[in-house]
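These are the residues of each chain, in order.
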Amino acid sequence: MTPQSLFRPFVAFSRQFPLAANILRRLLLSFVLLWAVTVMIFIGVEALPGDFATTYLGQSATPEAVANIRSELGLDQPLLTRYVTWLGDAVSGDFGNSWASGQSVSEQIGKRLGNSLFLAFFAALVAVPLSVGLGLLAVRYRNRIPDKIINILSLAAVSLPEFFVGYLLIMVFVVTFPTAIFPSTVYDGMDFLTRLESIALPVATLVLVVLAHMMRMTRAAIIQVMSSAYMETAELKGLDGLRIIIKHAAPNALAPIINVVALNLAYLIVGVVVVEVVFVYPGMGQYMVDAVTVRDLPVVQACGLIFATIYIALNMTADILAIIANPRLRHPR
Amino acid sequence: MTKRPSIDPILPNSLSRRQFLGATAAAGFAMTASGLIVPNSAMAAETPKKGGNLKLGIKGGAATDVLDPAAAAGTVSFLCNHLWGDKIVESDPETGAPLPGLAESWESSADASVWTFKIRKDVAFHDGSKMTVADLVATLKRHTDEKSKSGALGLLRSIKTVEDKAGDLVITLSEGNADLPLLLTDYHLMVQPNGGYDDPNAAIGTGAFTLKSYEPGIRATFEKNKNDWRDDRGHVDSVEVIVMNDNTARIAALSSRQVHFINFVEPKTIKLLERAPHVDILQTHAKGFYSFQMFCDTAPFDNNDLRLAMKYAIDRQEILDRIVGGYGSLGNDYPVNSTYQMAPDDIEQRMYDPEKAAFHYKKSGHDGPVLLRTSDAAFPGAVDAAVLYQEHAKKAGINIEVKREPADGYWSNVWNVKPFSATYWGGRPTQDLRYATSYLSSADWNDSRFKRDDFDKLLLEARAELDNDKRKALYRQMAVMVRDEGGSIIPVFNDFLNASAKSMKGFVHDIGNDLSNGQIASRVWLDA
């Protein structure tokens, strides 16, 4: 069989079901990507100075204690052996126990990931409609006062580093006018409403940080569509401004908006360690940083894999949605 | 200028020049912050109020923490263990002398090698079971087992046997050690049922509080132990320990009255925090110090004149003022200060003296730059301190080349490996341990490669000496040796800097360790 003939059934399949084939190809690619991520994390952690034994013991390391820990964890084995052992366990769904605490990695990550998703979900719930809405408004009042105000405020918010935004909010809403809950620590047995209340400030911070990016992309994408001929037709028909934008322009500008929303969602889940630290919020980011600090490899690997999966999944969803949103891509000729 | 009462219990009666300097530095602080520090004596006069939920915002916790006291690392673990656990021996907050804990009394053989502890009979663990001598024996065995990963293993190496003899705890040492009771005050040595062999992370002990919930790196909650064997502690109903590693978050939480107490206040933010009307700054003299260590056996530091030149070439006062914001005391190139029992109190304070430095430098015959490795992993501000030192030494004609090393791996690749590097040392319960940890010839962590048979002999002699006056004289001799011939440049001892809401009363400044020697929660009360 020639290589060409090997691909023939797949080519036929992809002609018949282009969307499904696209998803399948991307899924396969994702697994390769995930595997590459594990290799890179492994090598990355290895390249850091000091291994788990020496960093965990810190200044109080003695040669015997280091040797004890190394042999207990198999750190004296060659790199490849360790990687293959880890990969074998991970493929069968066993992420092992944290070296530092001896606790099950999956169990601990479960909680932390839940917290991260909780925070990200509510931040997105506010940020996405708000930024898209503001984007639409900005287009409607293009180059007029509302547009300028929206632009200046959102650009100001995105220009400030996230920790600074966090500290500002703390200063105003915690220290000067004590209205918000601080620290934002959530824990087991906290009821839903209290939980929501305590994440108010980190959610506000995250919304301010991601708002401008999505808002400006919405604005730019729609403005581009607005310049096309059919928009002029719609205008000449006598439709009012906002209706044109929402009904006729927005659907055709969806693809880039979906993309930037997906990127920001990914950021909200995996990139918010600074916000977690500032608001003392027990999310995944802090967990991974703690683990990297002591080279707790099983935890670092598991966190890395989850982060990578989230990124890949969100990007893939964005691409698929973009295809679905575009009839020309949905039915290629 | 008024005397600062909270310092008094810490300073011995006779004020040496060195301590005087420390006290004046502290008094300078007192002038700007007068009234912020509630004197211990005044607090003792008030009757503690009962009840309330004490909230502590603490730096020094991670998702990798465990409750096993043997593996306690980091401030949060240290604190949590002191909430649920008790040690066999406690120490006096003011003098550091051993006090009865779970052992009500003890005596030793004449050569200090066999110790008999009488154990309290009226104590129960949180799970209701009665505490017996067997539990204490098992606890010590778990921590002294050769394969033990306990942080106390190093302290207890000289323990040969631990036995239950007719209801008493009997410890036999391989050599006399007059400090054994103090060794048992180590924070890893929490007494657990069956020594913690069954479940080291159970957090079941005899302490003033019982663990209610624990999420490592996030939060721990405790409730008052209703059957506490001591009635002079545990005034609050419940305690919440919240891990807050961000400095600004801790300050914000205290300023907005969300927590009653925060630890590790940065010297540079103290002045700002003082302005908050409801906040007390809590400054406690401590045993830890910042230092630059030279290898006495490696060129060019194998020449004592060069070492002396380096010691005279540092302006300690400026390091004290600039690096720790004045919240500390001057170091004198030996690793002990007035917070240790039987500390020498009449050794002249070494001061910045570029002329003397230049004299010794010339005499040493060394020429060319001296490479000093530093990193902020060594201590906060270590890079700045090295650069200041570089400037000080320049005036003596000594060229220090400062090399900044990565913080990652600093402790394994630079410290105790390279011949001249910055480091931090935390306190040890006794002078004996302080010297044995890093000045004994055979010590693993001899980070100045100070190897002297005569010094080792003095150390062993002092260890077995039961007469405190004689011991004090021996320790003075040792301090002078390290100061004048050793490889340690110790510019400052840094204080513990904490802050509390004014509604939190009864904080005891304990020279043993930070956070009132870990016992803050059982000592303070809330004045609502």
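Since this is a predicted model, take the numbers as computed values, not measurements.

**Some details on the packing of helix α2 (residues 18–47) of chain A against helix α5 (residues 79–91) of chain A**
Residues and elements named next belong to chain A.
Part 1 of the reasoning: Two elements in contact, α2 and α5, have axes separated by 12 Å at closest approach and are oriented at 135°. The orientation of α2 with respect to α5, classified from their angle, is oblique. Like other packed secondary-structure pairs, α2 and α5 cross with a definite hand, here right-handed. Along its contact with α2, which presents Trp-35, Thr-38, Val-39, Phe-42 and Glu-46, the element α5 presents Leu-79, Arg-82, Tyr-83, Trp-86 and Leu-87.
Part 2 of the reasoning: Its residues assigned to classes, the contact of α2 with α5 shows 7 nonpolar, 1 polar and 2 charged.

**Brief notes about the pattern of salt bridges**
Residues and elements named next belong to chain B.
Part 1 of the reasoning: Applying the stated criterion across every chain, the model contains 36 salt bridges over all chains.
Part 2 of the reasoning: The partner of Lys-118 in a salt bridge is Asp-168, and the shortest N-O contact between them spans 2.8 Å. Placement of the pair is Lys-118 in strand β5 (residues 114–119) and Asp-168 in strand β7 (residues 168–173), with a sequence separation of 50 residues.
Part 3 of the reasoning: Overall, the relative accessible area of 38% leaves Lys-118 in the partly exposed class.
Part 4 of the reasoning: Exposure remark for Asp-168: the relative accessible area of 12% places this residue in the buried category.
Part 5 of the reasoning: Of the charged contacts in the structure, one is a salt bridge between Asp-484 and Arg-483, with a shortest N-O distance of 2.9 Å.
Part 6 of the reasoning: For Arg-483, a relative accessible area of 9% translates into the label buried.
Part 7 of the reasoning: Residues participating in the shared-partner salt-bridge network are Arg-316, Asp-333, Arg-350, Arg-483 and Asp-484.

**Some details on the domain arrangement of chain B**
Residues and elements named next belong to chain B.
Part 1 of the reasoning: Looking at the assigned domains, one finds that chain B contains domain 1 (17–221 + 496–526) and domain 2 (289–494).
Part 2 of the reasoning: Computed over C-alpha atoms, the centres of domain 1 and domain 2 are 29 Å apart.
Part 3 of the reasoning: On the side of domain 2, 28 residues touch domain 1, which itself brings 28 residues to the contact.
Part 4 of the reasoning: Residue Glu-175 pairs with Arg-463 through a salt bridge whose shortest N-O separation is 2.6 Å.
Part 5 of the reasoning: Remark: the boundary between domain 1 and domain 2 carries 3 residue pairs in polar contact (both at pLDDT 80 or more).
Part 6 of the reasoning: When contributions to the side of domain 1 that touches domain 2 are tallied by element, the ones reaching two or more residues are α1 (17–32), α5 (180–183) and β19 (496–501).

Rules behind the numbers
- Residues numbered from 1 in each chain as written.
- Chains lettered and ligands numbered in written order.
- Predicted model: local features only at pLDDT ≥ 70, side-chain atom pairs only at ≥ 80, totals over all residues.
- Heavy atoms only, no water.
- Axes fitted to C-alpha atoms, helices over the stretch in contact; angles between N-to-C directions.
- Helix = DSSP H or I, 4+ residues; strand = E, 2+ residues; numbered from the N terminus.
- Parallel < 35°, antiparallel > 145°, perpendicular 65-115°, else oblique.
- Left-handed = near helix turned anticlockwise from the far one by under 90°.
- Contact = heavy atoms within 4.5 Å.
- Nonpolar A, V, L, I, M, F, W, Y, C, P; charged D, E, K, R; others polar.
- Salt bridge = Lys/Arg side-chain N within 4 Å of Asp/Glu carboxyl O.
- Buried < 20%, exposed > 50% of the residue type's maximum accessible area, 1.4 Å probe, protein only.
- Domains from an automatic or database assignment.
- Polar contact = N/O pair within 3.5 Å; in protein donor to acceptor, adjacent residues only side chain to side chain.

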